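Chain by chain, the residues run as shown.
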Amino acid sequence: MKCSEKFKIVDRVLTAWFKKLGHAVGRRPGYFVIVPLFLTALAGTGFQRIHYEDDPEYLFSPLTGRAKQERAIVQKYFPNNFSAFNAGRMTDLGKFVRLLVTAKDGGTLFRRDVFEEVVQLDRLVTNVTVDSGESRWTFDDLCARWNGKCLQNSIVTLLPYLDDVLSGNISLTYPVWFSDSYDVFVFPAFLGSPEVSNEGLLGEVPALQLLYWGSNHSDFDINISLKWEFEVLRVLEEALDDFEHINIARFTSQTLQTELEDNTISIMPYMMVTVAIMVLFCIVTSMMGDWVRSKPLVGLLGVISATLATGTAFGILMYAGLPFIGINLAAPFLMLGIGIDDTFVMLAAWRRTRIQDSVPERLSHAYEEAAVSITITSLTDMFSFWVGAITPFPSVQIFCVYTGMSVVLTYLWHITFFGACMALFGYMEENGQHSVTFAPVLPVSESEDRSIWYRMFCSGGISKTDPWNKKDNKDHVIMVFFKDGVARLLNIPAIKAFVIMVFLVYLGVAIWGCTMVKEGLERRRLSKDNSYSVQFYDVEDKYFREHPYRVQIIVEGELNYFDPVVQEQVETLMQTFENSSYVEGDFYTESWLREWTVFVTTSHDILNINVTSYGSWLDSLKTIFLNDASQFSRDVAFDETGQKIVASRFIIQTKHVNNTLEDKDMMLELRRICRESELSCSIFHPLFVFFDQFVLVRTVSIQSISIAAGIMCVVSLIFIPNPICSLWVAFSILSIEIGVIGYMTLWDVNLDSISMINLIMCIGFSVDFSAHISYAYMSAHGRSADERVESCLHALGLPILQGGFSTILGVSTLYFAPSYIFVTFFKTNFLVIFFGMVHGIFLLPVLLSLFGPGSNCCGAGGHIEPEETDKSAAPPGGDGIYYLSGGRIATLHGTKACQLPLRIPRPQSNGTALSRGGRTDSAVRLQTGAFTVAEQDSPPPALAAKAEQGSLEKDLGLGTSGEDSSESSLSKGASKGGAAPAAARRGHRPKSAPLSLLEMYNNAGYVSDDETSSPRRPRPAGARGGVK
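Residues numbered from 1 in each chain as written. Predicted model: local features only at pLDDT ≥ 70, side-chain atom pairs only at ≥ 80, totals over all residues. Heavy atoms only, no water.

What exactly am I supposed to notice about the overall build of the protein here?
When helices and strands are counted, the protein shows 31 helices and 21 strands. Per-residue burial for the protein yields a buried fraction of 57% across its 1028 residues. Sequence-distant contacts, at least 24 apart, represent 77% of the contacts inside the protein between residues at least 6 apart. Total accessible area computed for the protein in this model is approximately 42,000 Å², and 59% of it derives from carbon and sulfur atoms. (Helix = DSSP H or I, 4+ residues; strand = E, 2+ residues; numbered from the N terminus. Buried < 20%, exposed > 50% of the residue type's maximum accessible area, 1.4 Å probe, protein only. Contact = heavy atoms within 4.5 Å. Areas by Shrake-Rupley, 256 points an atom, 1.4 Å probe, with all protein chains shown as cover.)

So this is what it looks like as structure tokens:
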């Protein structure tokens, strides 16, 4: 057995199971409506247990990031101490308010009237009070302290000296200035991008910052500090207009979290608009000229089904304790697109069933045909999302788990709840009821004497006396356009060459875009476009990138710092850091060992310091140098005995780190120095936790995309058991993914945790169109590659457009959201769906026609040929066997030994006539046993027109929800349940109508593709569908 034959087992098992399920749903639709609704209501109670997670550090920093390991080292030896607070020695960002001040006229802040407003601003903030319920708290009560005093913004105390500075009596030196009254001003801690002369004198100052640190001693302190931060923002918002000369950019420790929450709230109105658009789209595209077979309300129920499934998935996961995050609100937009795709497929499959059959039979055949399509779509989407759940980014993990579960339940709800809704409307269709008003109506062919309004808005169904009337069975104009227009255009060699050239240009631009990918999620992009924090980020990037970070260096191990060799190793390490292009010189370095060594050398004789042994050296260090008033007191960690130093901390100052790319490069450069040192050292800054995403996002994205692509290729190979077609599916996935990455970069989207979600998701979406076209092309029965292109585009061109546009509409309103997060969802989804549609409709048919099954390059081996006739067989005789050809029954005779079960292959088309065994004419050549017979009479026109498309659409389970592109009453013959009794049909049959096949075959006279290549199993005695 060939590998492809083995994989077909999956298709057969799936279709058989779906057929049984469809029959069960059709018989008892009420159960399949009530049970999903009950489960949705039950799961909906999980929303009361929602745990909203909005910590940006947890969500957008990798769990496996090195900075978190480095933080653990710092916290182990040097935990935060808000009684001896130093901002450069923090292990997290803490609780703070940070204000960036610039002059409204763009000039220097060192002007009397301007600087007085700076002092006024400082006074306003420090006087803000909050009420805890028991007492009122000001900044002095909440502040972090050093030596019992709040850390103040000493820059405001420069006001008394300002007149002398402006008059030239005092020259301010940079970076440090000592006043005559012994005030010390460290200007780099406050000033942004000041002008400094060659002599080191301070000139114009375009910006300065004011920092207010809160205490984090206890939960109570934290809560009060948070209240105070919000109150400061409120007071500043009201007082902004009172400041005539300065602009104030503000930021607090809670800004990012509140911005994430605001992002969530801001998307709510767009969600309502999206639902309205999707409902309208589904209603319109589910309608047709026939008001009985039209299904506008069923299209609406498709939207409801996807919504119920998504709510059920969310409720279940909330019961499971999974946190809910703001970007999860993008999931309903995606689920609407995915769910509506399944809606179109199932409606199309329903319309290809025989109207005369009972509802359970019709639904069983619809399920049987739709099984492969909706299953492959759901599997690819589900796997792509769940691959994202193994990434180290919690935001990606949580979102992908929620969306993956939503895909699963959308799939289950569509084959239960939505299928039951189809059955209920099927019963109304069976009774000839209007699809909107539910009133019985006449078909078009019987309503010619009615008014034009009745014919336009009421008539529908088929005539029970003449079910093959052309007026009641019109072909779909768009599907004809894809076959006779697009497909034939693509079959022109010059057009094929043009398509490939356009593709190469597309791929070249995409690769060029990939070379310019920017990595990392900038903090400003977590805020809304109109947020106050955007101004803060702009001012910070413009003025405060000269000396941005004070980085901690931790040296671990029980080192003998008294040993000159160890001292030399430490000094070498520090000099290596200071020589880095990202680090300022030794003036800004804080090294307790360097300062202690200098202190001992210069004060040994004066203070009579005893450092002759390690013990005396250590005692002097602890008593003289590391007292509580020393800034270095928290930079040396001792063991439990206090006699050995187990860790040391040193501080360096970075410089000229101008953007996120340089943030990453700076961090990696410092880590490299540590890695190459002979000492065990590590570096840390609280923002390095965020910078780690810049390091990991590329690697994680490549790994996740590769895993997802591999899974998609396996799934496509299982459902499309042809290596060449599967190869082109893989090629399309790669091409679309490269296109999305390249063009999203050109569209100002970074490679970050948000776009990573979409890139992983794109793998699942990109395989849908490619897999369906490849499956259609492989299953096409045309004798040439050109005919295969016409067949697959005729069957799938319109459904691809419907599915693509439904998904694009589902996310279209996100483009107008004031948030980078949701705009990124729109951009990446638009790109993948657009590229997927173009690949599916234009590129893939061209490539398959050139290099796929049935093409000249692959030879005839890829073509699905009908079974050859054994021309040497003896003529039949004896018993009679019935054959169908056109509208007549031919009786042939053969011996019993020659008789085999009847096997009628599907009609083959060369575009103008049906052919068989090399002969081309208007006859249908049929085969049974070891001989063939041709009946020369032409089939009815309607049947001949439908025969060109019948077999392909029967197999695919794909198609349009539009107007009867393959009306089953023609392609499959008359039903057992016709309007008239069998005797009446035999006695009074229209000349062009085919004989009812109930008396012969239960499959309307056609066998499946699999049965054309293998003998049919004999039926039990008395079974329906046998030869009578």
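Before we go on, may I ask you to explain the state of the cysteines in this structure?
As used in these notes, a disulfide is a covalent bond between sulfur atoms, one from each of two cysteines. Counted by the stated rule, this structure contains two disulfides. Here Cys143 is linked by a disulfide to Cys150, with a sulfur-sulfur distance of 1.5 Å. Of note, the bridge from Cys143 to Cys150 carries an S-S torsion of about -70° and is left-handed in sense. Of the two residues, Cys143 and Cys150, neither departs from the other in class, the shared state being buried. A sulfur-sulfur distance of 2.3 Å marks the disulfide that ties Cys674 to Cys681. Torsion about the S-S bond of the Cys674 and Cys681 cystine: about -135°, corresponding to left-handed handedness. No difference in accessibility class separates Cys674 from Cys681, as the two residues are buried. Shown here for the protein is a disulfide pattern of 1-2, 3-4, where each number marks a bonded cysteine counted in sequence order. (Disulfide = S-S within 2.5 Å.)

Can you help me understand helix H9 (residues 255–266) in this one?
One turn of the α-helix equals 3.6 residues, which is why residues spaced by three or four share an orientation. Taking 1.5 Å as the rise per residue, H9 with 12 residues should run 16 Å; its terminal C-alpha atoms sit 16 Å apart, in good agreement. Within H9, nine of the 12 residues are buried, which leaves the element mostly enclosed by the surrounding structure. Taken as a whole, H9 has its buried residues at Thr255, Leu256, Gln257, Thr258, Glu259, Leu260, Asn263, Thr264 and Ser266. (Expected span 1.5 Å × (residues − 1).)

What's the story with the environment of Ala348 in this structure? I'm lost.
Mapped onto the fold, Ala348 is located in helix H12 (residues 330–351). Distance from Ala348 to Ala370, taken between C-alpha atoms, is 8.5 Å for residues 22 residues apart in sequence.

Just to check I follow, could you spell out helix H13 (residues 359–388) for this structure?
For H13, spanning 30 residues, the distance from its first C-alpha to its last is 41 Å, which sits close to the expected 44 Å at 1.5 Å a residue. Ala370 marks the point of greatest bend in H13, at about 50°. The buried count for H13 comes to 26 of 30 residues, which makes it a mostly enclosed element. (Bend = angle between axes of the 7 residues up to and from the residue.)

Can you walk me through the pattern of salt bridges in this structure?
Here the idea is simple: oppositely charged side chains can pair when their charged atoms come close. In the structure shown here, the tally under the stated rule is 28 salt bridges. Between Arg112 and Glu116 there is a salt bridge, and its shortest N-O distance comes to 3.1 Å. You can see Arg112 and its partner Glu116 sitting in helix H5 (residues 112–126), four residues apart, about one turn around the helix. By relative accessible area, which is 32% here, Arg112 ends up partly exposed. Of the residues examined, Glu116 reaches a relative accessible area of 36% and is grouped as partly exposed. Across the pair Asp692 and Arg671 runs a salt bridge whose closest N-O atoms are separated by 3.0 Å. With Asp692 in helix H23 (residues 688–719) and Arg671 in helix H22 (residues 660–676), this residue pair connects regions lying 21 residues apart in the sequence. (Salt bridge = Lys/Arg side-chain N within 4 Å of Asp/Glu carboxyl O.)

Sorry, what's going on with the sheet that holds strand E10 (residues 246–252) here?
Either a parallel or an antiparallel arrangement is found when strands of a sheet pair, and the pairing is made through backbone hydrogen bonds. Spatially, E8-E9-E1-E10 is the arrangement adopted by the four strands of the open sheet, whose pairing is antiparallel. The sheet is open, and its two borders are formed by strand E8 (191–192) and E10, each paired with just one other strand. Judged from the two bridges that link them, E8 and strand E9 (residues 207–213) form a sheet pairing that is antiparallel. Note on E9: the bridge partner recorded for Gly192 is Ala207. H5 rests against strand E1 (96–103), E9 and E10 of the sheet, and its axis sits at about 15° to E9. (Pairing = 2+ DSSP bridges. Axes fitted to C-alpha atoms, helices over the stretch in contact; angles between N-to-C directions.)

Can you help me understand the nonpolar core in this one?
Membership of the largest hydrophobic core comes to 156 residues, with the highest contact counts inside it found for Phe399, Leu793 and Phe825. Aside from chain neighbours lying at most four places away, what touches Phe399 is Ile325, Ile327, Asn328, Ala330, Ala331, Leu334, Phe385, Ile757 and Phe825. Of all hydrophobic cores here, the second largest spans 52 residues; its members include Ile652, Met666, Ile683 and Phe688. (Core = buried A, V, L, I, M, F, W, Y, C linked by side-chain atoms within 4.5 Å.)

Sorry if this is basic, but what is going on with the packing of H12 against helix H14 (residues 394–430) here?
The description of two packed helices rests on the angle between their axes and on the distance between the axes. The N-to-C vectors of H12 and H14 enclose an angle of 35°; their axes lie 9 Å apart at closest approach. Two packed elements cross with a definite hand, and for H12 against H14 that hand is right-handed. Where H12 abuts H14, its residues Ala330, Ala331, Leu334, Met335, Ile338, Gly339, Asp342, Thr343, Met346, Leu347 and Trp350 lie against Phe399, Thr403, Ser406, Val407, Thr410, His414, Ile415, Phe418, Gly419, Met422, Gly426 and Glu429. Considered class by class, the residues forming the contact of H12 with H14 number 13 nonpolar, eight polar and two charged. (Left-handed = near helix turned anticlockwise from the far one by under 90°. Nonpolar A, V, L, I, M, F, W, Y, C, P; charged D, E, K, R; others polar.)

Honestly, empty space enclosed by the protein in this entry has me stumped. Any pointers?
If a probe the size of a water molecule is rolled over the atoms, the empty space left behind becomes visible. Scanning all chains against the criterion turns up 12 cavities of 30 Å³ or more. Forming the walls of the second largest cavity are 15 residues, and the residues nearest its centre are Asp341, Val345, His772, Pro799 and Gly803. For the lining of the second largest cavity, the secondary structure elements donating two or more residues are H12, H13, helix H25 (753–779) and helix H26 (785–812). Of the residues contributing to the lining of the second largest cavity, the split by class is eight nonpolar, four polar and three charged. (1 Å grid on protein atoms, 1.4 Å probe; cavity = no way out; pocket = protein on both sides within 12 Å on 5 of 7 lines; lining within 4 Å. Points joined across faces, edges and corners; volume = space filled by probe spheres on them.)

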